Amino acid sequence: MRLVTVKASGRQVLDLLRSEGVSLESTPVKWFYRVGVAGAPGRLKAYHLGLIYPQTLASALPVLALDPRPGDIVLDLCAAPGGKTTHMAQLMEERGVVVANDRKFARITALTANIKRLGLTNILVTFYRGERFPLECGFDRILVDAPCSGEGKYRVGERGEMLFSRGRATNLPAIQKGILKRAFDLLRPGGELVYSTCTFNPEENEGVLTYLLGKREAQVLGWDPPLPACEGITEFEGVKYDPACRRCRRFYPHQTDTVGFFVARVAKPR
Amino acid sequence: MYDFCTTSRKIYMVRRSKKMPLLNRFRIQQAGLPFMRRVAGYLKPTTEAAQRFGFAAKKNIIELHENELKRLCVEGEVRGAWQGADCGYVFLKTASWIWGCGLFLDPGRVVCQLPKSMKRWFAGKL
Ligand SMILES: C[S@@+](CC[C@H](N)C(=O)[O-])C[C@H]1O[C@@H](n2cnc3c(N)ncnc32)[C@H](O)[C@@H]1O
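Since this is a predicted model, take the numbers as computed values, not measurements.

(A) Molecular detail of the site of the ligand. All names here are of chain A. Around the ligand there are 19 residues in total, and D102, R107, G130, E131 and D145 lie nearest to it. Here an oxygen atom of the ligand and a backbone polar atom of G82 are 3.2 Å apart. Burial of the ligand by the protein chains amounts to 89% of its free accessible area of 610 Å². Classifying every residue of the shell around the ligand gives eight nonpolar, three polar and eight charged.

(B) Region of the structure containing a positive patch on the surface. Taken together, R103(A), K104(A), R107(A) and R132(A) make up a surface patch of like positive charges. Within the secondary structure, K104(A) is located in the loop between strand 6 (97-101) and helix 5 (105-118).

(C) Here's a closer look at the sheet that holds strand 10 (residues 109-112) of chain B. Residue and element names in this part refer to chain B. The sheet built from five strands is open, its strands ordered 6-8-9-10-7 with mixed pairing. Looking at which strands have only one partner, the edges of the open sheet turn out to be strand 6 (61-63) and strand 7 (77-79). Taken over all neighbouring pairs, the strand axes of this sheet differ in orientation by 40° on average, direction set aside. As paired elements, strand 7 and strand 10 share three bridges and run antiparallel to each other. Looking at strand 10, one finds that R79 is bridged to R109.

(D) A look at the packing of helix 6 (residues 172-186) of chain A against helix 7 (residues 206-215) of chain A. All names here are of chain A. The interhelical angle for the contact between helix 6 and helix 7, taken along N-to-C directions, is 45°, at an axis separation of 9 Å. It follows that helix 6 is oblique to helix 7 by the angle criterion. The handedness of the crossing between helix 6 and helix 7 is right-handed. Of the residues in helix 7, those touching helix 6 at P173, Q176, K177, L180, K181 and F184 are G207, V208, L209, Y211, L212 and K215. Looking at the contact of helix 6 with helix 7 residue by residue, the class counts come to seven nonpolar, two polar and three charged.

(E) Local environment of the interface of chain A and chain B. In this complex, chain A contributes 43 residues to the contact, which on the side of chain B involves 32 residues. For the pair chain A and chain B, the summed buried surface comes to about 3100 Å²; carbon and sulfur atoms form 64% of the total. A per-residue breakdown of the area chain A buries against chain B is headed by H48(A), K116(A) and T121(A), which together make up 20% of the total. At the boundary of chain A with chain B, the tally comes to four salt bridges. Its salt-bridge partner being K45(A), residue E66(B) comes within 2.5 Å of it at the nearest N-O pair. Our enumeration of links across chain A and chain B arrives at 14 residue pairs in polar contact (both at pLDDT 80 or more). Counting only elements with at least two residues in the side of chain A that touches chain B, the list comes to helix 1 (10-19), helix 2 (45-48), strand 6, helix 5, strand 7 (123-126) and strand 8 (139-145) of chain A. Take the side of chain A that touches chain B: its biggest share by element is five residues, from helix 5 of chain A. Taken together, the residues that form the side of chain A that touches chain B break down as 21 nonpolar, 11 polar and 11 charged. When strand 7 of chain A meets strand 3 (residues 28-31) of chain B, the two strands line up antiparallel, connected through three bridges. By the bridge assignment for strand 3 of chain B, V125(A) is matched with Q30(B).

(F) Spotlight on the packing of aromatic side chains. Under the counting rule described, the total for this entry stands at 15 aromatic pairs over all chains. Judged by centre distance (6.4 Å) and plane angle (75°), the rings of W82(B) and F104(B) are edge-to-face. Taken together, the residues span a long stretch of sequence, with W82(B) in the loop between strand 7 and strand 8 (88-94) and F104(B) in strand 9 (residues 97-105) at a distance of 22 residues. Accessibility expressed as a relative area gives 17% for W82(B), which makes it buried. Put simply, the rings of Y128(A), F133(A), F139(A) and F26(B) touch in pairs and so form one group of aromatic residues. One residue, R15(B), lies across the ring of Y2(B), its end atom 5.9 Å from the ring centre. Looking at K44(B), its charged tip hangs above the ring of Y89(B), at a distance of 6.0 Å from the centre.

Rules behind the numbers
- Counting from 1, residues in each chain are numbered in the order their sequence is written.
- Ligands are numbered from 1 and chains lettered from A, in the order in which they are written.
- In view of the model being predicted, local features appear only for residues whose pLDDT reaches at least 70, and side-chain atom pairs are presented and counted only at 80 or more, with totals across whole chains, interfaces and linings using the full set of residues.
- In computing side-chain properties, one takes all heavy atoms of the structure into account and sets aside hydrogens as well as water.
- The criterion for a residue being near a molecule or strand is simple. One of its heavy atoms has to lie within 4 Å of it.
- We define a polar contact as two N or O atoms separated by no more than 3.5 Å, with the added condition that, inside protein, one atom must be a possible hydrogen donor and the other a possible acceptor, whereas residues neighbouring each other in sequence contribute only through side-chain atom pairs.
- Using the Shrake-Rupley algorithm and a 1.4 Å probe, accessible areas are obtained, with residue cover drawn only from the displayed protein chains.
- Residue polarity is assigned by list, with Asp, Glu, Lys and Arg as charged and Ala, Val, Leu, Ile, Met, Phe, Trp, Tyr, Cys and Pro as nonpolar; anything else, Gly included, falls into the polar class.
- Like charges are joined within 9 Å and nonpolar side chains (Val, Leu, Ile, Met, Phe, Trp, Tyr) within 5 Å, but only among residues with over 30% relative accessible area and no salt bridge; these make up the patches.
- For salt bridges, the criterion is a side-chain nitrogen of Lys or Arg within 4 Å of an Asp or Glu carboxyl oxygen.
- The charged-residue count follows a simple rule in which Lys and Arg add positive charge and Asp and Glu add negative charge, with His and chain termini not counted at all.
- Charged side chains are reduced to one point each, which is NZ for Lys, CZ for Arg, CG for Asp and CD for Glu.
- Starting at the N terminus, helices and strands are each numbered in turn, a helix being any DSSP run of H or I of at least four residues and a strand any DSSP run of E of at least two.
- Strands pair, by our definition, only if DSSP identifies at least two bridges between them.
- For helices, the fitted axis covers only the stretch in contact; all axes are lines through C-alpha atoms, and the angles between them, taken along N-to-C directions, range from 0 to 180 degrees.
- Small angles under 35 degrees read as roughly parallel and large ones over 145 as roughly antiparallel, with 65 to 115 read as roughly perpendicular and the rest as oblique.
- Crossing handedness is read from the near helix: turned anticlockwise from the far helix by less than a right angle, it gives a left-handed crossing, and turned clockwise, a right-handed one.
- We call two residues in contact when some of their heavy atoms are within 4.5 Å.
- When two parts are put together, the accessible area they lose, computed with a 1.4 Å probe and summed over both, is reported as buried area.
- Centres within 6.5 Å are what make two rings of Phe, Tyr or Trp a pair, Trp counting through its six-membered ring; a difference in plane orientation under 30 degrees is then read as stacked, over 60 as edge-to-face, and the rest as tilted.
- Three labels apply to residues, based on accessible area from a 1.4 Å probe with only protein chains included: buried if under 20% of the type maximum, exposed if over 50%, partly exposed otherwise in between.
- By definition, being over a ring means that NZ of Lys or CZ of Arg is both within 6 Å of the ring centre and within 35 degrees of the ring normal.

Here it is in structure tokens:
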């Protein structure tokens, strides 16, 4: 879980959690702790007081790669239920603005509930299809935490094998390409975006990035993450991807003991 | 520094930013934090505003023990002799935490204004 240091200091939140019998183990990521809790975090006072956000360690990675700064104007194009949105607002010390967008109304409700629970004041919530987000202003940073087939959610199978399954009936890569291209167009010159998924499927990762590199003057940036990672791949089952994809990062559950993630940093030249 | 933003029923509190005017063109579902709601001609602070900014209140705070807060959640109101509160909305505090609002009525009654999810949880857990 992440400690939310908006209404209280980290120390106060830790003391409250310990008084409720939660055992906490620190991680390499600021505010993130591995916890042993009996039952759901929703049974904790700290939850109802908006002092914690239950989320996996890996979900911090796209936000750390984007590195939003106080004063930035940030867009989170696929934001609900708000784990990464609220993490960004916390890192920005609530200075600057985060626009949190999602296209599913039921999920927007979960997003606004989380913003209220944590008490954050610098988030604007919008309800657009990511592909059609209005081109009204240039953002400093944009997060595209894309809808994906999500097999990264599963760790390893019962017999220790890595689970890997193809996307569902919806054409996810087509949706992901549309959203990523619009995100790039929404960046100001010199701005940066992060494209992330919780799948290992190259068609939804390197494939989507290769599409963007073919359509726009985008630069893939390297990144030194706080958890063990592998490079992006440049070929899979006979399909070749742009060599710049090597600078992306793939996080596997067996190396990080958390869910899988794919993270790409992309810059728009000045 | 904060700005306030209003709709017919709610007042929102938004952290001030030089860049906010750039975002005027978007259709906004929620701006910042819901701060107050108009209820029958009165302004009621939201639970989230109480939790976030209640620490700054100098009066109209009612301190309860955890089991009193639980009773408030189960029974809907509690009675007691509290000092330093005027009739109207008050903040509910246990130990060092503000949970949300109550409605203080003379003489010595507090009516629960906490959200359903919190009431249910308090009733079951504490
Ligand atoms: C992986 S989840 C985002 C999780 C979120 N970033 C967090 O950290 O809590 C992907 C989200 O994308 C949304 N989504 C799906 N299609 C979309 C589209 N075309 N435009 C914008 N959002 C979309 C889904 O409703 C879903 O909430």
